[in-house]
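Observations on the model geometry
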Amino acid sequence: MATPTASSAPTPAGDATPADAFLAGAPKGSLRHAPGPYFGAYGGRWMPESLIAALDELEDTFEKAKADPDFLAQIADLNRNYSGRPSLLTEAKRFSASAGGARIFLKREDLNHTGSHKINNVLGQALLAKRMGKTRVIAETGAGQHGVASATAAALLGLECVVYMGAEDCRRQALNVARMELLGATVIPVTNGSQTLKDAINDALRDWVANVDNTHYLLGTAAGAHPFPAMVRFFHEVIGEEAREQILAQTGRLPDAVCACIGGGSNAIGIFHGFLDDPSVQIFGFEAGGDGVETGRHAATITLGRPGVLHGARSYLMQDEDGQTVESHSISAGLDYPGVGPEHSYLADIGRVSYEPITDAEAMEAFRLLCRTEGIIPAIESSHALAGAMKVGQRLTAGKDDPSQVIIVVNLSGRGDKDVATAAEWFNLLDEDSAEAEIGKEGEQL
Amino acid sequence: MTSKSAAAIDRARAAGRSALIAYLPAGFPDAQATIDAAVAMAENGADLIEVGIPYSDPVMDGSVIQAATTQALASGFRVAQVFDIVAGITARTDAAVLVMTYWNPVMRLGVDEFARRLAEAGGAGLITPDLIPDEAAEWIEASDKYGLDRVFLVAPSSTPERLASTVAATRGFVYAVSIMGVTGARSAVSSSAEKLVADTHATGAERVCVGLGVSQADHVREIAAYADGVIVGTALVAALRDGGVPAAAKLTKDLSSGLYPADNEVDTQR
């Protein structure tokens with residue numbers, strides 16, 4: 001029995017011409033502006049019907065805002081006068097020796113207000129919440145970075161803010177909980193399921209279903225149901241646009257490679273956006289390899305996952321034989337998520353972006369190196385991108401007479417102040433009996 | 001195409017009442033207990049049984065059902081057991097047996113394979129809380145192939161256009177969620193439910209059943225006045241948890257007393 005809906009329904013699983021679906025509405029041949037809802041076979045809306053009207057309202061508001069010069073001016077003003085954009089592009093001259101002598105340029109999202117790229121997205125979404133007349137925003141957070149950013153945007157714009165956070169994370173990240181509370185947010189510890197980031201998203205979705213009339217769900221990454229992946233990318237596109245302009249200004253040409261870390265993938269899709277349509281630029285996404293992908297304790301979703309649906313989108317997913325979501329593991333709370341944004345799944349399948357795992361140990365070595373050679377303490381998340389850049393640099397400079405001809409841009413998505421206790425524990429810098437050592441063992445990020 | 005769920009609802013209608021749809025999670029506390037409880041519910045007034053597949057990320061479920069499904073998973077529940085459970089129930093009762101599942105476990109096994117095995121087990125079809133018709137092309141094809149019902153949800157927030165497309169894609173009955181929220185017992189039935197059922201009927205749905213927050217015979221009575229079926233989940237799961245199969249059977253009997261519209265009750269008493 002063919003129904004009108006059946007015949008008109010898109011076929012996300014179909015593999016006839018994924019690129020056509022991906023590019024529908026985008027300039028011909030362009031990968032940069034894929035509008036969703038589908039990215040090849042990925043994306044879509046695998047969501048309860050109760051939330052579809054809210055997603056439609058959000059999509060409509062977003063599309064109108066994107067075309068509204070006033071909205072764009074508002075974003076530009078906040079980016080410049082509140083977040084501190086444009087963020088710098090810093091050449092890491094001493095770190096370069098660890099990357100085969102390639103020239104390494106760091107896109108300094110760590111210098112943004114609140115210390116990471118997250119502010120770009122929360123300001124944009126909070127403004128949309130206001131345009132929809134919503135008075136309350138909810139958010140999920142793992143380590144607390146997106147929660148802090150959301151609380152910041154809510155305070156700035158006068159919105160009520162509720163943050164869902166795994167109970168165990170709340171205990172480990174007591175200072176980030178305090179930070180959110182200082183900013184006026186309410187933090188709700190999540191005790192369901194595995195009590196991790198994915199369960200915090202589940203509880204945020206349950207809250208949203210019940211309170212959708214006055215509440216916007218401020219999702220923190222480029223994942224979830226349409227329009228979230230395309231919308232979150234839009235607010236982070238400024239990273240890639242600035243970086244492209246800056247590298248051209250500083251070196252006179254495009255880079256050979258661009259590197260970013262991938263959890264859900266928002267910082268990465270932001271910087272990739274600037275270079276996706278430049279075929280000469282190789283693009284790399286580095287996933288959390290945890291203890292090593294062979295141990296099973298990792299968060300390398302694209303490397304080892306398989307397509308499935310979670311939190312509203314079809315994408316690569318860490319799942320067992322029954323389709324149950326598997327717990328991820330990483331030293332970096334910001335990458336510790338068993339899913340990934342659907343656009344990354346597509347970019348992986350078509351081979352435009354290479355996704356590779358970086359272990360905890362590799363990331364921490366890159367962390368140490370950047371601290372010692374550049375005087376910059378990176379977030380452990382971003383250290384995965386640095387470790388990846390070291391590998392890429394060695395690969396691209398191999399056999400070259402002048403390795404400095406190779407140029408690599410790395411998205412330094414956040415600062416590492418929050419990670420000092422974890423790092424101090426990792427490098428045995430603490431007195432065994434100190435309170436800080438105790439905190440570091442628990443993975444606390446100050 | 002015949003529909004087992006529609007037939008069960010129509011049998012209740014022929015008896016002058018609404019249908020009772022009873023939910024319980026598969027494997028809680030184990031597979032045999034699920035079969036025994038479902039059979040007891042069917043013998044005590046449930047016309048349709050809804051067997052839920054425990055899932056790691058049940059975003060439409062409240063704390064009681066989450067706790068039960070988490071326990072089932074911790075006890076080693078495997079998705080393939082649901083087919084044995086459905087076969088076990090259909091072997092012992094005439095109730096239509098639907099499976100309620102989040103979509104990823106179906107996708108993981110393969111939509112066609114899942115549908116084939118469900119039909120083979122005698123199942124009536126699927127209730128899919130996180131699958132909307134827009135994404136359901138593969139399921140629509142498989143459910144047609146194996147003659148299974150596809151129960152989609154409508155909500156108070158659904159637009160007229162979405163009501164129409166959902167009704168068109170549905171077979172068996174339309175599941176109307178009474179409120180904006182997740183599963184869980186509530187003290188009163190939302191007033192939005194009656195309007196939603198009326199709108200869904202007006203869109204062309206022959207059978208509309210109401211779920212979410214229904215926990216007492218009074219709720220059942222209120223909903224039975226305007227809906228073709230009443231769905232109870234959390235209250236039954238709590239009864240099963242606290243008092244085992246006898247408690248679930250007793251609550252089912254009690255709930256089923258509310259299925260007759262008030263005027264019919266008067267007739268009965270006369």
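Not measured: the values here are computed from a predicted model.

Bringing the overall build of chain B into the picture now. Along its length, chain B carries twelve helices and nine strands. In terms of C-alpha radius of gyration, chain B reaches 17 Å, essentially the compact-globule figure of 18 Å for 270 residues. The dimensions of chain B, computed from C-alpha atoms along their principal axes, are 50 × 45 × 30 Å. Looking at chain B residue by residue over its 270 residues, the buried ones come to 63%. Considering only contacts in chain B between residues 6 or more positions apart, those separated by 24 or more positions represent 73%.

Another aspect to go through is the side chain of Thr114(A). Residue and element names in this part refer to chain A. For Thr114, the location among the structural elements is in the loop between β4 (103–108) and α5 (118–131). By relative accessible area, which is 16% here, Thr114 ends up buried. Among all residues touching Thr114, those that are not within four sequence positions of it are Ile119, Gln145, Ala149, Thr152 and Arg415.

Attention shifts here to the confidence of the model for chain B. Averaged over every residue, the pLDDT of chain B is 94; residues scoring 70 or more account for 96%. Low pLDDT, under 50, characterises residues 264–270 of chain B; the predicted model gives this stretch four contacts beyond four residues in sequence or across chains.

Right, let's get into the interface of chain B and chain A. With 45 residues of chain B in contact, the opposing surface of chain A contributes 45 residues. For the pair chain B and chain A, the summed buried surface comes to about 3600 Å²; carbon and sulfur atoms form 52% of the total. Linking chain B to chain A there are four salt bridges. Here chain B and chain A share 21 residue pairs in polar contact (both at pLDDT 80 or more) between them. Broken down by secondary-structure element, the contributors of at least two residues to the side of chain B that touches chain A are α3 (63–74), α5 (103–109), α7 (137–146), β6 (153–154) and α8 (160–169) of chain B.

This next bit is on the environment of Ala260(A). Residue and element names in this part refer to chain A. Note that Ala260 resides in strand β9 (residues 257–262). Residues Ala260 and Tyr316, 56 residues apart in the sequence, show an inter-C-alpha distance of 18 Å. When residues no more than four places from it in sequence are discounted, the contact partners of Ala260 are Asn267, Ala268, Ile271, Phe272, Phe284, Gly285, Phe286, Ala385 and Asn411.

For the rest of this paragraph, the subject is the pairing of strand β2 (residues 48–52) of chain B. All names here are of chain B. Extensive coverage of β2 is indicated by the burial of five of its five residues. Here β2 shows a buried face lined by Leu48, Glu50 and Gly52 and a second buried face lined by Ile49 and Val51. The pairing of strand β1 (residues 19–25) with β2 spans five bridges and is classified as parallel. Bridge pairing in β2 links Ala22 to Ile49. Between the parallel pair β1 and β2, the chain is carried across by helix α2 (residues 31–43), and the sense of this crossover is right-handed.

As a further point, take the sheet that holds strand β6 (residues 160–166) of chain A. Residues and elements named next belong to chain A. Read from one edge of the open sheet, four strands run β7-β6-β5-β8, paired in parallel fashion. Edge positions in the sheet fall to β7 (186–190) and β8 (215–217), since each has one partner strand and no second. When strand polarity is set aside, the average angle formed by the axes of neighbouring strands in this sheet is 25°. Along the sheet face, helix α6 (residues 145–157) touches β5 (136–141) and β6 and points at about 165° away from the line of β5. Each of β5, β6, β7 and β8 touches helix α9 (residues 197–211); the most contacted strand, β5, lies at about 160° to it.

Residue and element names in this part refer to chain A. With respect to topology, four strands assemble into an open sheet ordered β1-β2-β13-β12, the strand pairing being antiparallel. Each of the sheet's edge strands pairs with one partner strand only, and the pair in question is β1 (38–39) and β12 (306–310). Note that strand β2 (residues 42–46) and strand β13 (residues 312–317) share two bridges and pair antiparallel. Bridge assignment links Trp46 to a residue of β13, and that residue is Gly312. Lying on the sheet, helix α13 (residues 342–349) is in contact with β1, β2 and β13; it crosses β13 at an angle near 45°.

Residues and elements named next belong to chain A. Contact pair helix α10 (residues 228–251) / helix α11 (residues 266–273): the axes reach a minimum separation of 6 Å and the direction vectors enclose 50°. As judged from the angle between their axes, α10 and α11 are oblique. In the packing of α10 onto α11, the handedness of the crossing is right-handed. Contact residues: α10 offers Val232, Arg233, His236, Glu237, Ile239, Gly240, Glu241 and Ala243, while α11 offers Ser266, Asn267, Ile269, Gly270, Ile271 and His273. Among the residues making up the contact of α10 with α11, the classes are represented as five nonpolar, six polar and three charged.

The amide bond that connects His226(A) to the next residue, Pro227(A), takes the cis arrangement and shows omega of 15°. In this chain, Phe28(B) is followed by Pro29(B) through a cis amide linkage whose omega measures -5°. Checked against the element boundaries, Pro29(B) lands in the loop between β1 and α2. Phi angles above zero are rare outside glycine, and Thr114(A) is one such case at about 75°. In this structure, Asn428(A) is a non-glycine residue whose phi angle is positive, near 55°. If you trace the backbone, Asn428(A) turns up in the loop between α16 (420–426) and α17 (435–441).

In the structure shown here, the tally under the stated rule is six cavities of 30 Å³ or more. Roughly 420 Å³ of volume is contained in the largest cavity. Of all elements in the fold, only β5, α6, α9, α11 and α15 (380–397) of chain A reach the threshold of two or more residues within the lining of the largest cavity. Across the lining of the largest cavity, the residue classes tally to nine nonpolar, 19 polar and five charged. In this structure, the second largest cavity spans a volume of roughly 240 Å³. What lines the second largest cavity is a set of 24 residues, and nearest its centre among them are Glu50(B), Asp61(B), Tyr175(B), Thr183(B) and Leu212(B). Across the lining of the second largest cavity, the residue classes break down as 16 nonpolar, six polar and two charged.

On the secondary structure map, Thr422(A) appears in helix α16. Residue class for Thr422(A) comes out buried when judged on its relative accessible area of 7%.

With that settled, the discussion passes to the environment of Glu327(A). Residue position: Glu327(A) is located in the loop between β13 and α13. Contact partners of Glu327(A), with chain neighbours within four places excluded, come to Ser194(A), Thr196(A) and Met318(A).

On to the packing of aromatic side chains. All names here are of chain A. If you walk through the whole model with that rule in mind, you get 13 aromatic pairs over all chains. Ring geometry for Phe62 against Phe234: centres 5.4 Å apart, planes inclined by 75°, an arrangement best described as edge-to-face. With Phe62 in helix α3 (residues 52–66) and Phe234 in helix α10, the pair connects residues that are 172 residues apart, well separated along the chain. On the basis of relative accessibility, which here comes to 23%, the residue Phe234 falls in the partly exposed class.

Here we take up the pattern of salt bridges. All names here are of chain B. The tally for this structure, following the rule as stated, stands at 48 salt bridges over all chains. Measuring nitrogen to oxygen at the nearest pair gives 3.0 Å for the salt bridge that ties Arg150 to Asp144. When sorted by exposure, Arg150 lands in the same class as Asp144, which is buried. Through salt bridges with shared partners, a single ionic network connects Asp10, Arg13, Glu206, Arg207 and Asp228.

What counts, and where the lines are drawn
- Residues numbered from 1 in each chain as written.
- Chains lettered and ligands numbered in written order.
- Predicted model: local features only at pLDDT ≥ 70, side-chain atom pairs only at ≥ 80, totals over all residues.
- Heavy atoms only, no water.
- Helix = DSSP H or I, 4+ residues; strand = E, 2+ residues; numbered from the N terminus.
- Rg over C-alpha atoms; globule rule 2.2 N^0.38 Å.
- Buried < 20%, exposed > 50% of the residue type's maximum accessible area, 1.4 Å probe, protein only.
- Contact = heavy atoms within 4.5 Å.
- pLDDT = per-residue confidence, 0-100.
- Buried area = accessible area lost by both parts, 1.4 Å probe.
- Salt bridge = Lys/Arg side-chain N within 4 Å of Asp/Glu carboxyl O.
- Polar contact = N/O pair within 3.5 Å; in protein donor to acceptor, adjacent residues only side chain to side chain.
- Pairing = 2+ DSSP bridges.
- Right-handed = clockwise from strand over helix to strand, strands pointing away.
- Axes fitted to C-alpha atoms, helices over the stretch in contact; angles between N-to-C directions.
- Parallel < 35°, antiparallel > 145°, perpendicular 65-115°, else oblique.
- Left-handed = near helix turned anticlockwise from the far one by under 90°.
- Nonpolar A, V, L, I, M, F, W, Y, C, P; charged D, E, K, R; others polar.
- 1 Å grid on protein atoms, 1.4 Å probe; cavity = no way out; pocket = protein on both sides within 12 Å on 5 of 7 lines; lining within 4 Å.
- Points joined across faces, edges and corners; volume = space filled by probe spheres on them.
- Phe/Tyr/Trp six-rings, centres within 6.5 Å; stacked < 30°, edge-to-face > 60°.

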